[in-house]
Amino acid sequence: MGGVRRLILAFAILVATAAAMPARAVDVVGTSARLRWAPASGPVAAYAVWMIRPNGPPPSTPSMASLTNAVTVSGAIGDTFQVQVAALDAHGIMGPRSPLSVPIRFVAAPGPGSAPLLVLSAQSVSLSARRGSAAAPVRIQISNGGGGSLSWTARGFASWLVLGPATAGSAPGSLEIGASSWGLKPGAYHATVSVSPSGSGTLPQTIEVTLLVGERSHNYNIRRGAAQPSPSTSPPPATSASVAQLQVSTLGLSVAATGGKTPPAQSFTVRNAGGGTLRYQIAPQASWLAVSPASGSSQGEADPIQVGVASAGLAAGTYRSSILVTAPGLPSASVAVTLVIGRSQEHPSAQPYDLDGDGHADLLSRDASGVYQVTLLGDGGPIAQTPLATAPPAGATLLGSGDLDGDGKADLVWSDPGGGALELWLMNGAAPSATRTVALGGRSLLAVADFDGDGKADLLLDAGGALELWRMNGLQTAAITSGITGLGSAHVVGTVDLDQDGRASLVLASADPSGSRYAVASLAGTQLVPRFALPTPAPNLVFVTSGPCGAAGAAGILWRNPLTGQLALWSLGRGRIVGQENLDLTLPAGWQLAATGDFSGDGRTDLLLRNGSGGALVVVAFDGPSMVGGFQVADALPAGLQILNR
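Residue numbers here run from 1 along each chain, matching the order of that chain's written sequence. Selection of residues for local features in this predicted model requires a pLDDT of at least 70, selection of side-chain atom pairs for listing and counting requires 80 or more, and totals for whole chains, interfaces and linings are taken over all residues. Based on all heavy atoms of the structure, the side-chain values leave hydrogens and waters out of the count.

## Thoughts on the overall build of the chain
In step 1: Starting at the N terminus, helices and strands are each numbered in turn, a helix being any DSSP run of H or I of at least four residues and a strand any DSSP run of E of at least two. When its secondary structure is counted, the chain shows zero helices and 52 strands.
In step 2: Sorting the 646 residues of the chain into buried and exposed places 46% on the buried side.
In step 3: For the chain, the proportion of contacts with a sequence separation of at least 24, taken over those separated by at least 6, is 54%.
In step 4: In these tables, accessible area is a Shrake-Rupley quantity obtained with a 1.4 Å probe, and a residue counts as shielded only by the protein chains included in the view. Carbon and sulfur atoms form 52% of the exposed surface of the chain, whose accessible area is close to 28100 Å². Residue exposure (1.4 Å probe, protein chains only): buried if accessible area is under 20% of the type maximum, exposed if over 50%, otherwise partly exposed. The criterion used for residue contact is that any of the two residues' heavy atoms lie within 4.5 Å.

See below:
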């Protein structure tokens, strides 16, 4: 084990899909930790959680239960345990148990001679409020678990969050997190609060906030013999056990779809939480929603309700509606539904370095002895680490990654040691399924991207004054377009799907007496057609990457100031820059940007950060300029380890 974990974003349970990762203890400062695991497939009503002590048998009954794929566990300083989870459906039928998590160990804070360390009393908050009212705030204690002094600032990333009474201070201190449901419909809302230490050399920590908004309740005033409702935020009176009571398992569902494709069905449950028989009806409040069954009865059992979405004919965007659940003589319940439809691509392809096709970019590394490793990433962190099944030729260089054969898994493109040929590898996880060596004949590779929108990555090469586009079909070249002009003295620094149509454009840079100038251009036949010029970057800004860096995965360019560690985002529209903002993260001293990619699987570019040559390796996820989460990949890296992702 390395040192005490300095970034506590999420503790992921490792689900083995290849060779299991070696079990190394994770040291947690304090006596509680937030655990998260990959959601199980199919309708899930709850999860059973077992806390297992070292060398002890798994307990016969679960230690706790959770309605979501996360739970907070607690213990005493010195306690070490591992965790298993299993999903339960609405009928209480339990699925198989997960593999054991890595060992988790609660440790005391470092001594006073060490560096400051930001410690939060909780890393998740649940709030509830009736529609149009305020949620009671929850107080988070902020302390310095190390030495010296520590100051902090807090920022919320949702308009309904209410922080106070102060959003900055010094440790020890506290932060209250509340919410206002004004203007919100009934349902579940999720956001994060970032607490950033100043001058401590540590990264911000994230607090996950869930807000449940319910319908207004009513008191009934008797006037001239008529019952008239008056709004009230007081809770309803207690219900006798002999009277039926309507209960739904969730207040909100979220559905994602691509235009023209039907997303998988979701579900919730309805049950009678009281006595007798509950007879209920279910009515979707939008034409694109469907439920089955539309009515039923319960005497205490939880009835599953399937929710389908008809997204055909709906334009890309966000749609909100609800499902109304009613029962005669009882208050109704509402399940909010949010539908997000992304822009359709005729042939979507895998993200670079997504070697196993699960939507998450994976990591390739080489240790000091020359051994290549693949770390497969999933929801919440690493799921397996295994050696690369075939080592590339000695001295080979990894040039890029893309889905050459359109199978949904990213492939690898290497340069041979002399630079005179390309090594093309079709990948299936950590193993190449087929390879081919292609002579370059004096050409050089400029980019690996899907330029024609067929779902297969192409190769763009410099053929000495003109460009060549090799349209790939697996290891074979389906077509070659030669003599592409328009590059001039510029050079290619990146690619970006400017129109979000699955066709990559080029980001170009050219030298200028006043500094580098940048532009965006697209391929059209044998011409490189300029789209628009970018303004000259501020002094000391260095190009980092281009891709789905903007809000909701829109096109963008990331820049970095190596003198200050500040990161900046330029969001791109079809013919112009639509925004220039600094990211909510300045790299602390000692931290380096190791790679970029969609490691979290949300369709947006994430940052892979490394603390020195042998420190922690973490992923920080963004939505536009806002930090929205992340996870730790490793607590301590071996000396001399190289991350090969470009």
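So much for the structure itself; the text now carries on.
## Side note on the environment of W425
In step 1: Considering the arrangement of structural elements, one finds W425 in strand β34 (residues 421–428).
In step 2: Distance from W425 to T435, taken between C-alpha atoms, is 4.5 Å for residues 10 residues apart in sequence.
In step 3: Apart from residues lying up to four places away in sequence, W425 is in contact with L388, T390, A391, P392, D411, L412, W414, P432, A434 and T435.

## Examining the packing of aromatic side chains
In step 1: Only centres within 6.5 Å qualify two rings of Phe, Tyr or Trp (six-membered ring in Trp) as a pair; their planes then separate them into stacked at under 30 degrees, edge-to-face at over 60, and tilted for everything else. With the rule as written, the count across this model stands at seven aromatic pairs.
In step 2: Look at Y518 and W559: their rings are 4.9 Å apart centre to centre, the planes differ by 85°, and that puts the pair in the edge-to-face class. With Y518 in strand β42 (residues 517–524) and W559 in strand β45 (residues 556–560), this pair connects stretches of sequence that are 41 residues apart. W559 carries the same exposure label as Y518, and that label is buried.
In step 3: Both rings, one in W559 and one in W570, keep their centres 4.7 Å apart while their planes meet at 50°; by these two values the pair is tilted. Within this pair, whereas W559 is found in strand β45, its partner W570 is found in strand β46 (residues 566–572), the two being separated by 11 residues in sequence.
In step 4: Taking the relative accessible area as the measure of exposure, W559 reaches 0% and is therefore buried.
In step 5: Cluster of aromatic residues (ring-pair linked, three or more members): Y518, F543, W559 and W570.
In step 6: Taking NZ or CZ as reference, R97 lies 3.7 Å from the ring centre of W50, over its face. Two limits define a charge over a ring: the Lys NZ or Arg CZ must be within 6 Å of the ring centre, and within 35 degrees of the ring normal.

## Observations concerning the sheet that holds strand β10 (residues 124–130)
In step 1: Pairing within the open sheet is mixed, and its five strands lie in the order β10-β17-β16-β12-β14. Of all strands in the sheet, those with a lone pairing partner are β10 and β14 (168–170), marking the two edges. Averaged over all pairs of adjacent strands, the angle between their axes in this sheet comes to 25°, without regard to strand direction.
In step 2: Strand pairing requires that DSSP identify at least two bridges connecting the strands. Alignment of β10 against strand β17 (residues 205–214), held across seven bridges, turns out to be parallel. Its bridge partner being in β17, L127 is matched across the sheet by L211. Lines are fitted to the C-alpha atoms to define the axes, a helix being fitted only along its stretch in contact, and any angle between axes, read from their N-to-C directions, falls within 0 to 180 degrees.

## Things to note about the nonpolar core
In step 1: Residues L364, L412, W414, F599, L608 and L617 are the most contacted members of the largest nonpolar core, which totals 31 residues.
In step 2: Among the elements of the structure, β29 (363–366), β30 (372–378), β31 (381–387), β33 (411–415), β34, β50 (617–623) and β51 (626–634) are those that each provide at least two residues to this core.
In step 3: If you tally residues by element for this core, the top one is β30, at four residues.
In step 4: In this structure W414 touches Y372, L388, P392, A396, T397, L398, L399, A421, L422, E423 and W425, once residues within four positions along its chain are discounted.
In step 5: Note on terminology: a nonpolar core comprises buried Ala, Val, Leu, Ile, Met, Phe, Trp, Tyr and Cys residues joined through side-chain atoms within 4.5 Å. Among the nonpolar cores identified, the runner-up in size contains 26 residues, and L118, L120, L150 and Y189 belong to it.

## A short note on the sheet that holds β33
In step 1: Reading across the sheet, the four strands line up as β32-β33-β34-β35 and stay open at both edges, with antiparallel pairing between neighbours. Both edges of this open sheet fall to β32 (397–402) and β35 (431–439), since each of them pairs with a single strand only. Neighbouring strand axes in the sheet, compared pairwise and without regard to direction, differ in orientation by 20° on average.
In step 2: With four bridges connecting them, β33 and β34 associate as antiparallel partners. In the sheet register, L412 faces β34, and the bridge partner there is W425.

## What about the pattern of salt bridges?
In step 1: By definition here, a salt bridge exists when the distance from a side-chain nitrogen of Lys or Arg to a carboxyl oxygen of Asp or Glu is within 4 Å. The final tally for this structure, using the stated rule, is six salt bridges.
In step 2: Of the charged contacts, one joins E176 and R139 as a salt bridge, the two residues approaching to 2.7 Å between their closest N and O atoms. One end of the pair, E176, is in strand β15 (residues 173–180); the other, R139, is in strand β11 (residues 134–144), with 37 residues separating them in the sequence.
In step 3: Here the salt bridges do not stand alone but share partners, grouping D602, R604 and D623 into one network.

## Examining unusual backbone geometry
In step 1: For the bond from A171 to P172, the omega torsion is 5°, close enough to zero to count as cis.
In step 2: With respect to the helices and strands, P172 occurs in the loop between β14 and β15.
In step 3: Located in the positive-phi region is N540, a residue other than glycine, with phi close to 75°.
In step 4: With respect to the helices and strands, N540 occurs in the loop between β43 (527–533) and β44 (542–547).
In step 5: Its relative accessible area of 43% is what places N540 among the partly exposed residues.

## Quick word on empty space enclosed by the protein
In step 1: With a 1 Å grid spanning the protein atoms alone, the term cavity applies to any set of points in which a 1.4 Å probe fits but cannot get out, the term pocket to an open set with protein on both sides within 12 Å along at least five of seven lines, and the term lining residue to any residue with an atom within 4 Å of a point. Grid points are joined across faces, edges and corners, and a volume is the space filled by probe spheres set on the points. Enumeration over the complete set of coordinates arrives at two cavities of 30 Å³ or more.
In step 2: Contributing to the lining of the second largest cavity are C549, L558, L583, T605, L607, F622 and G624.
In step 3: The classification used treats Ala, Val, Leu, Ile, Met, Phe, Trp, Tyr, Cys and Pro as nonpolar, Asp, Glu, Lys and Arg as charged, and all other residues, Gly among them, as polar. By residue class, the composition of the lining of the second largest cavity is five nonpolar, two polar and no charged.

## Considering the environment of V633
In step 1: By the element assignment, V633 lies in strand β51.
In step 2: The exposure class of V633 is buried, given its relative accessible area of 11%.
In step 3: Each C-alpha atom, one on V633 and one on L363, is 9.8 Å from the other, the two residues being 270 residues apart in sequence.
In step 4: The residues contacting V633, other than those within four sequence positions of it, are L363, T375, P382, L608, L617, V618 and V619.

## Brief notes about the confidence of the model for the chain
In step 1: Of all residues in the chain, 83% have pLDDT values of 70 or greater, and the mean over the chain is 80.
In step 2: Residue-level confidence of the predictor is summarised by pLDDT, bounded by 0 at the bottom and 100 at the top. Across residues 1–25 the pLDDT falls below 50, and counting only partners more than four positions away or on other chains, this stretch makes 84 contacts in the model.
In step 3: Counting interchain partners and residues more than four positions distant, the pLDDT-below-50 stretch residues 217–241 has 31 contacts.

## Some details on the side chain of N272
In step 1: Note on placement: N272 falls in strand β22 (residues 266–272).
In step 2: On the basis of relative accessible area, N272 is assigned to the buried category, the value being 1%.
In step 3: Any pair of N or O atoms that falls within 3.5 Å is considered a polar contact. Within protein, one atom must be able to donate a hydrogen and the other to accept it, and sequence-neighbouring residues count only if both atoms are side-chain atoms. Side-chain polar atoms of N272 contact the backbone nitrogen of G274, separated by 2.9 Å.
In step 4: Polar contacts involving the side chain of N272 include one to the main-chain carbonyl oxygen of G276, which spans 3.1 Å.

## A look at the pairing of strand β24 (residues 289–292)
In step 1: The side-chain alternation of β24 yields one buried face, formed by L289 and V291, and one unburied face, formed by A290 and S292.
In step 2: Where β24 meets strand β26 (residues 302–309), four bridges bridge the pair, whose relative direction is antiparallel. Bridge pairing in β26 places V291 opposite V307.

## Focus on the environment of H360
In step 1: Relative to the helices and strands, H360 is located in the loop between β28 (333–342) and β29.
In step 2: Given a relative accessible area of 4%, H360 falls into the buried group.
In step 3: A C-alpha to C-alpha distance of 5.9 Å links H360 and D598, two positions 238 residues apart in sequence.
In step 4: Setting aside chain neighbours within four positions, we find H360 in contact with Y353, D354, L377, G378, D379, D598, F599, S600 and G601.
In step 5: A distance of 3.0 Å separates a polar side-chain atom of H360 from the backbone oxygen of F599.
In step 6: Here S600 takes part through its backbone oxygen, which lies 3.3 Å from a polar atom of the side chain of H360.

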